[in-house]
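Each chain, written out:
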Amino acid sequence: NLDVQWLGEETLRRYYRLKLGDHEVRSHSDQVKEVRRAKGGAWLDPEDHLADILDDNDFVTFELRSGNNNFRRFGCSYKVVIWIAYILTHESEVKVKNARDLIEKILLEKKVILMIIVNLKIVYSYLNVTVFCTIAQLLKFTPEVMFVRLARHRELQYNLIRSHAAGVGTPLSPEKTRMLLALRINVLAKGHSGISLNTLNTLIDAFNASCLSMVPEQGSVGASGDLAPLAHLALGLLGEGEMWSPKTGWENANKVLEAHGLKPLKLSAKEGIALINGTQLITSLGAEAVERAYIIALQADVVAALTLEVLKGTSRAFDSDVQLIRPHKGQIEVARRLRALLHSEMYPSQIAESHRFCNRVQDAYTLRCCPQVHGIVHDTIDFVEGVITVEINSGTDNPIVFAERGEIISAGNFHGEYPAKALDYLAVGVHELASMSERRIERLVNPALSELPAFLVKDGGLNSGFMLAHCTAAALVSENKVLCHPASVDSLSTSAGTEDHVSMGGYAARKSLQVLDNVERVIAIELLAACQAIEFLRPLKTTVPLEEVYNVIRSSIRAKGGQNSAYVRQRNTGKIDYLFRL
């Protein structure tokens, strides 16, 4: 019976609790003004029951009203997975227990699951817990003696986690780590890992308390899963290394767990590999990339419409019949969106009417071809969303436990090629939004193309206007050209030749977020430039929807032809992302 109002209040509470490095104290007058579905922007009634209006993979956005009547919008893209950890369903408990029972049965029967020859060593993988010995040494052992050695499996679980926690680089943010933990819980809850219920419930308790291990972002080659990052995730839960929680900040992992009344994990056979074998780093970062890509693609359509308006372009190229004879889904949607924003009987534009009888035949491609170029970006995002959604909800362990068949199979579901290829594709697709945007910025600041003042400033001799803002956009687009080189076309053999093909999906996911950072900034620059350009067309008005876009910007950034500094802040980091002299 949980409703939208409860969702808003609970998300607001968690929003403040999870903010890292932000010393802002929540005011009791802060409240969620409205909740909307991210896809489509539909307003959600506070009294509606969540089960009736939201699907499992829906994302929602919130508008916060503070005590001083200021408004702030924020999303909960990563908070969708909060609900995974509240309750482990009875069905999942049964599956997890049955898989663990099979493991315990095998332990009692003293079975060796897998033997692989690597160079001059034989690797006995007892429930995928590895013991090395030379061939000569092996020949001296009977199966019974070998089992005695394998009986040290508990010690081997810990050694596995410690030895694999070899990542480097900047730690993931708490939000990203929480998503990583959530997805790992989701995989383990499917009952194909052989993990015990006690271990799984400890992970869930840590997730609910936001006890999050320090996970370096580099070190995964994306085959045998994201071994290094997931080992770091598990290491903190063993009470080793560093950990963060809202209550303690960064601290020794054991102290963080103790502060929340939690005990370190106690591992048994098979549980070490169950914690670290899977594609959850790739998919957690990939899920964020997909959600951000969806949002910026919509925003790019809106900003492009505003730029077309101030450059006195035409919407004739967006005619519905034009799109229907080349009926790509994304192309049709973008053209429809542009038509809804631009001059029409419902939303007339004085700016459009002012040049209705001009002698211009056609617009530049970055204006005229928005449906065709932006359209494939939307289609790309939809495709990648499908791949990532399947991957998030898949069993990616190895070996895989099939309790109903009484079998354990060593396979390859840990290989990250699917999400790696998809996220490389996402980066290439989304980059095109910035490529188009940068060319539109050039048209806005170039008086030969825009018929507006040079660099969108009145006193050109005293003020450089948007000249360097455009240079920044050009630099970011050029940077993206390098970042868009596919990570997944590379492969280096690892693990003494056993893992002879890898996906490099970890880097594919990380650089897709870098590409998105740059795209978002370029689109922001175009938006500011278009809003500045419209000042030179006043008192003429554009359409009602585009005037609302303008008003949103002007609520934070004043228009001025003189010495005005405009700052656009990225609230989730607290850092100034853009500084423009308008």
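Residues numbered from 1 in each chain as written. Predicted model: local features only at pLDDT ≥ 70, side-chain atom pairs only at ≥ 80, totals over all residues. Heavy atoms only, no water.

Using the following cut-off: UniProt positions are given in the numbering used here, feature names are shortened, and annotations may be inferred rather than shown by experiment.
Labelled according to an unreviewed UniProt entry, the protein chain appears under the name Histidine ammonia-lyase, originating from Timema shepardi. The Pathway (unreviewed entry) field of the UniProt record for the protein chain holds the comment "Amino-acid degradation; L-histidine degradation into L-glutamate; N-formimidoyl-L-glutamate from L-histidine: step 1/3." Its UniProt record gives the protein chain a comment under Sequence similarities (unreviewed entry), which states: "Belongs to the PAL/histidase family."

## Looking at the side chain of Gln-323
What counts, and what does not: The way it works is that DSSP assigns letters per residue, a run of H or I at least four long becomes a helix, a run of E at least two long becomes a strand, and they are numbered from the N terminus. Two N or O atoms count as a polar contact when they lie within 3.5 Å, although within protein this holds only if one can serve as hydrogen donor and the other as acceptor, and sequence-adjacent residues are included solely when both atoms are side-chain atoms. Contacts between residues were defined by any pair of non-hydrogen atoms, one from each residue, lying within 4.5 Å.
In this fold, Gln-323 is placed in helix H13 (residues 320–324). A distance of 2.9 Å separates the side chain of Gln-323 from the side chain of Gln-331, its partner in a polar contact. In this view, Gln-323 contacts Ala-317, Phe-318, Gln-331, Ile-332, Ala-335, Arg-339, Pro-371 and Gln-372; residues no more than four positions away in its chain are not counted.

## Points about the pattern of salt bridges
Under the convention used in this document: Salt bridge, as used here, is a side-chain nitrogen of Lys or Arg placed within 4 Å of a carboxyl oxygen of Asp or Glu. Throughout, exposure labels follow a simple rule: accessible area from a 1.4 Å probe, protein chains only, divided by the maximum for the residue type, with under 20% read as buried, over 50% as exposed, and the rest as partly exposed.
Throughout the structure, instances matching the rule amount to 20 salt bridges. The salt bridge partner of Glu-104 is Arg-100, with a shortest N-O separation of 3.0 Å. Remark: Arg-100 and Glu-104 occur in helix H3 (residues 90–109); sequence separation between them is 4 residues, near one turn of the helix. The exposure class assigned to Arg-100 is buried, which follows from its relative accessible area of 7%. Taking the shortest distance from any N to any O, the salt bridge between Arg-439 and Glu-438 comes out at 2.7 Å. Residues joined by salt bridges that share partners form a network here, namely Lys-176, Glu-288, Arg-292, Asp-517 and Glu-520.

## Let's talk about the environment of Asp-101
Inspection of the secondary structure puts Asp-101 in helix H3. A C-alpha to C-alpha distance of 8.8 Å links Asp-101 and Ser-196, two positions 95 residues apart in sequence.

## A look at helix H6 (residues 153–164)
What counts is decided by this rule: Every helix has an expected span of 1.5 Å times one less than the residues it contains.
The terminal C-alpha atoms of H6, which comprises 12 residues, lie 16 Å apart, in line with the 16 Å expected from a rise of 1.5 Å per residue. Of all the positions in H6, only His-153, Leu-156, Gln-157, Tyr-158, Leu-160 and Ile-161 are classed as buried.

## Some remarks on the packing of helix H12 (residues 280–310) against helix H21 (residues 505–535)
The criterion, for reference: Every angle, taken between N-to-C directions, lies between 0 and 180 degrees, and every axis is a line fitted to C-alpha atoms, over only the stretch in contact when it is a helix. Should an angle fall under 35 degrees it is called roughly parallel, over 145 degrees roughly antiparallel, and 65 to 115 degrees roughly perpendicular, with every other angle called oblique. We call a crossing left-handed when the near helix sits turned anticlockwise from the far one by less than a right angle, and right-handed when that turn is clockwise. In the scheme used here, Gly and all other residues not listed as nonpolar or charged are polar, with Ala, Val, Leu, Ile, Met, Phe, Trp, Tyr, Cys and Pro taken as nonpolar and Asp, Glu, Lys and Arg as charged.
The interhelical angle for the contact between H12 and H21, taken along N-to-C directions, is 20°, at an axis separation of 9 Å. Between H12 and H21, the angle falls in the class roughly parallel. As H12 runs across H21, the sense of the crossing is left-handed. Its residues assigned to classes, the contact of H12 with H21 shows 20 nonpolar, 5 polar and 6 charged.

## Here's the deal with the sheet that holds strand S11 (residues 249–252)
The criterion, for reference: DSSP bridges decide pairing: two strands pair if at least two such bridges lie between them.
Spatially, S8-S10-S11 is the arrangement adopted by the 3 strands of the open sheet, whose pairing is antiparallel. Edge positions in the sheet fall to strand S8 (212–213) and S11, since each has one partner strand and no second. Pairing of S8 with strand S10 (residues 242–245) involves 2 bridges; the strand directions are antiparallel. Within S10, the residue paired with Leu-212 across the bridge is Trp-244.

## Observations regarding the environment of Leu-342
Tracing the chain through its elements places Leu-342 in the loop between helix H14 (329–341) and helix H15 (350–354). Overall, Leu-342 belongs to the buried group, its relative accessible area being 2%. Taking C-alpha positions, Leu-342 is 8.2 Å from Leu-306, a pair spaced 36 residues apart along the chain. For Leu-342, the contacting residues outside a window of four places in its chain are Ala-305, Leu-308, Glu-309, Ser-315, Phe-318, Tyr-347, Thr-543 and Leu-546.

## Some points on the side chain of Arg-440
Secondary-structure assignment places Arg-440 in helix H18 (residues 417–445). In this structure the side chain of Arg-440 is engaged in a polar contact, spanning 2.7 Å, whose partner is the side chain of Glu-526.

## Side note on the pairing of S10
With 4 bridges connecting them, S10 and S11 associate as antiparallel partners. Its bridge partner lying in S11, Met-243 is registered against Glu-251. Here S10 folds back onto S11, and the loop between the two strands holds 3 residues.

## Focus: the nonpolar core
Our working rule: Nonpolar cores were defined as sets of buried Ala, Val, Leu, Ile, Met, Phe, Trp, Tyr and Cys residues, with membership established by side-chain atoms within 4.5 Å. Each domain's extent was defined by an automatic or database domain assignment.
One finds Leu-200, Leu-275, Ile-276, Ile-381, Leu-426 and Val-430 to be the most contacted residues of the largest nonpolar core, which totals 119 residues. When residues in this core are grouped by element, the largest group, 17 residues, is from H12. In terms of domain composition, this core takes at least three residues from each of domain 2 (94–277) and domain 3 (284–494 + 505–573). Setting aside its immediate chain neighbours within four residues, Leu-200 contacts Leu-88, Val-96, Ile-185, Leu-188, Ala-189 and Ile-195.

## Description of the packing of aromatic side chains
For any pair of aromatic rings, the description rests on two quantities: the centre-to-centre distance and the angle between the ring planes. Just so we agree on the cut-off: Pairs were defined over the aromatic rings of Phe, Tyr and Trp, the Trp ring being its six-membered one, requiring ring centres within 6.5 Å. Orientation was assigned from the angle between planes: stacked under 30 degrees, edge-to-face over 60, tilted for the rest. Charge-over-ring contacts are defined here by two conditions on Lys NZ or Arg CZ: a distance within 6 Å of the ring centre and an angle within 35 degrees of the ring normal.
Overall, the coordinates contain 1 aromatic pair when judged by the stated rule. The interplanar angle of 65° and the centroid separation of 5.8 Å between the aromatic rings of Phe-383 and Tyr-425 together place this pair among those described as edge-to-face. Remark: Tyr-425 occurs in helix H18 and Phe-383 occurs in helix H17 (residues 370–392); sequence separation between them is 42 residues. One Lys or Arg, Arg-178, reaches over the ring of Phe-207 and ends 4.1 Å from the middle of that ring. Over the aromatic face of Phe-402 sits the side chain of Arg-405, whose NZ or CZ is 5.4 Å from the ring centroid.

## What about H12?
Under the 1.5 Å per step criterion, the end-to-end length of H12 is 45 Å for 31 residues, consistent within 8% with the ideal 45 Å. The element H12 is extensively covered by neighbouring structure, given that 27 of its 31 residues are classed as buried. Where H12 terminates, the next one or two residues include Lys-312, which has phi positive at roughly 60°.

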